[in-house]
Amino acid sequence: MMSRGMLISFEGIDGAGKSTQIKALERELRAKGYKVSTLREPGGTKISEQIRELLLDSSSRINPVAEALLYAAARAQLVQDVVRPLLDEGAIVLADRFIDSTIAYQGYGRGLDIEGLHRLNFLATGGLEPDLTILLDIPVDLSSRRRQGMLSDRMEKEGMAFQDRVRRGYLEMAGKLPRFRVINGSLPEESISAIIIDIVVRFLKGDKRD
Ligand code: TMP
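From a predicted model like this one, the values you see are computed outputs, not experimental measurements.

1. Structural notes on the layout of surface pockets
If a probe the size of a water molecule is rolled over the atoms, the empty space left behind becomes visible.
Inference 1: The calculated volume of the largest pocket comes to roughly 630 Å³.
Inference 2: Lining the largest pocket we find 28 residues, and of these Asp14, Lys18, Arg52, Arg97 and Glu156 sit closest to its centre.
Inference 3: Mapped by element, the contributors of at least two residues to the lining of the largest pocket are α1 (18-31), α2 (46-56), α3 (64-88) and α4 (99-109).
Inference 4: Across the lining of the largest pocket, the residue classes break down as nine nonpolar, eight polar and 11 charged.
Inference 5: Considering only enclosed or pocket space, the second largest pocket measures out at about 310 Å³ in volume.
Inference 6: Considering the residues around the second largest pocket, the lining is formed by 16 residues, among which Ile103, His118, Glu129, Leu177 and Arg179 are closest to the centre.
Inference 7: Of all the secondary structure elements, the ones that give two or more residues to the lining of the second largest pocket are α4, α5 (114-125) and α7 (160-176).

Spelled out as structure tokens, the structure:
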């Protein structure tokens, strides 16, 4: 079923600057009069936040398949309870991570079967895909420098090689899927915001060219 709203996802390795950029975009779109909601994955509903705690708790020992299923479970609940209703109301939904995180982290990062993960994503979302995906791309060493001194969650404790596989996975997906826009996340914050606002505003006006 066609919904009236628009789903824009933000992706990238840890420390890419997604949250800061989403906040800036949300502010800008609101100022332009759009109805905007921001959600994070995993999270956004009571059940999904509980699953988030399990997933990110450094003391959890979770096998890769169980991990993929838990991310999918959190997503299924969020899509049904929150994302679909918002889209049906015509909102712009900004998602801090969505289906592509599962392909990048559990697929390219952990090495699970990518086709199987696409099917799992489909099951969790009922086939809902983002209209537009902003990939903030940064090198892995910048990611670890940005996170220095911060407490690491279970996923962030994975080493540089893991993060690098995830980054390469994202870039491969971006090369294949037209809904992706890749932005150099090493640029100054304000330059990135300006690029994102330009992309999104043009997209909302129906000009889907780059
Ligand atoms: P966050 O730190 O951006 O909130 O994301 C939580 C962590 O979960 C991050 O390290 C990426 C990871 N993740 C996956 O591995 N698979 C997924 O499907 C999602 C949504 C997140």
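2. Some remarks on α1
Inference 1: For α1, with 14 residues, the first-to-last C-alpha span of 20 Å sits near the 20 Å given by 1.5 Å per residue.
Inference 2: For α1, the set of buried residues is Lys18, Gln21, Ile22, Ala24, Leu25, Glu26 and Leu29.
Inference 3: Those residues of α1 that are buried are in contact with β1 (6-11), β2 (36-40), β3 (92-96), β4 (132-137) and α8 (189-204).
Inference 4: Looking one or two residues past α1, Gly33 carries a phi angle of roughly 95°, positive in sign.

3. Remarks on the site of the ligand
Inference 1: Taken together, 13 residues are adjacent to the ligand, and Arg52, Tyr71, Arg97, Thr102 and Gln106 come closest.
Inference 2: Between the ligand and Thr102 there is a distance of 2.6 Å, counted from an oxygen atom to a side-chain nitrogen or oxygen.
Inference 3: Within the contact set of the ligand, a nitrogen atom lies 2.8 Å away from a side-chain nitrogen or oxygen of Gln106.
Inference 4: Alone, the ligand offers 470 Å² of accessible surface; in the complex the protein occludes 94% of this.
Inference 5: Judged by the fraction of its atoms near the pocket grid, the ligand is located in the largest pocket.
Inference 6: If you list the elements that add at least two residues to the shell around the ligand, you get α2, α3 and α4.
Inference 7: Among the residues making up the shell around the ligand, the classes are represented as four nonpolar, three polar and six charged.

4. Brief notes about α7
Inference 1: Taking 1.5 Å of rise per residue, the 17 residues of α7 would be expected to cover 24 Å, and the 25 Å separating its terminal C-alpha atoms lies within 8% of that figure.
Inference 2: When we look at burial in α7, the residues that qualify are Phe162, Gln163, Val166, Arg167, Gly169, Tyr170, Met173 and Ala174. Viewed end-on, α7 has its buried residues packed into an arc of 160°, placing them on one side of the element. For α7, the exposed residues set more than 90 degrees away from the buried face come down to Ala161, Gly175 and Lys176.

5. Quick notes on the pattern of salt bridges
Inference 1: The final tally for this structure, using the stated rule, is 18 salt bridges.
Inference 2: Asp100 serves as the salt-bridge partner of Arg179, at 2.8 Å between the closest nitrogen and oxygen. Here Arg179, found in the loop between α7 and β5 (180-184), pairs with Asp100, found in helix α4; they are 79 residues apart in sequence, far enough to count as distant.
Inference 3: Judged by relative accessible area, Arg179 falls into the buried class, the value being 11%.

Cut-offs and rules
- Residues numbered from 1 in each chain as written.
- Predicted model: local features only at pLDDT ≥ 70, side-chain atom pairs only at ≥ 80, totals over all residues.
- Heavy atoms only, no water.
- 1 Å grid on protein atoms, 1.4 Å probe; cavity = no way out; pocket = protein on both sides within 12 Å on 5 of 7 lines; lining within 4 Å.
- Points joined across faces, edges and corners; volume = space filled by probe spheres on them.
- Helix = DSSP H or I, 4+ residues; strand = E, 2+ residues; numbered from the N terminus.
- Nonpolar A, V, L, I, M, F, W, Y, C, P; charged D, E, K, R; others polar.
- Expected span 1.5 Å × (residues − 1).
- Buried < 20%, exposed > 50% of the residue type's maximum accessible area, 1.4 Å probe, protein only.
- Contact = heavy atoms within 4.5 Å.
- Near = heavy atom within 4 Å.
- Polar contact = N/O pair within 3.5 Å; in protein donor to acceptor, adjacent residues only side chain to side chain.
- Areas by Shrake-Rupley, 256 points an atom, 1.4 Å probe, with all protein chains shown as cover.
- Sits in = over half its atoms within 2 Å of the grid points.
- Arc of directions from axis to C-beta.
- Salt bridge = Lys/Arg side-chain N within 4 Å of Asp/Glu carboxyl O.

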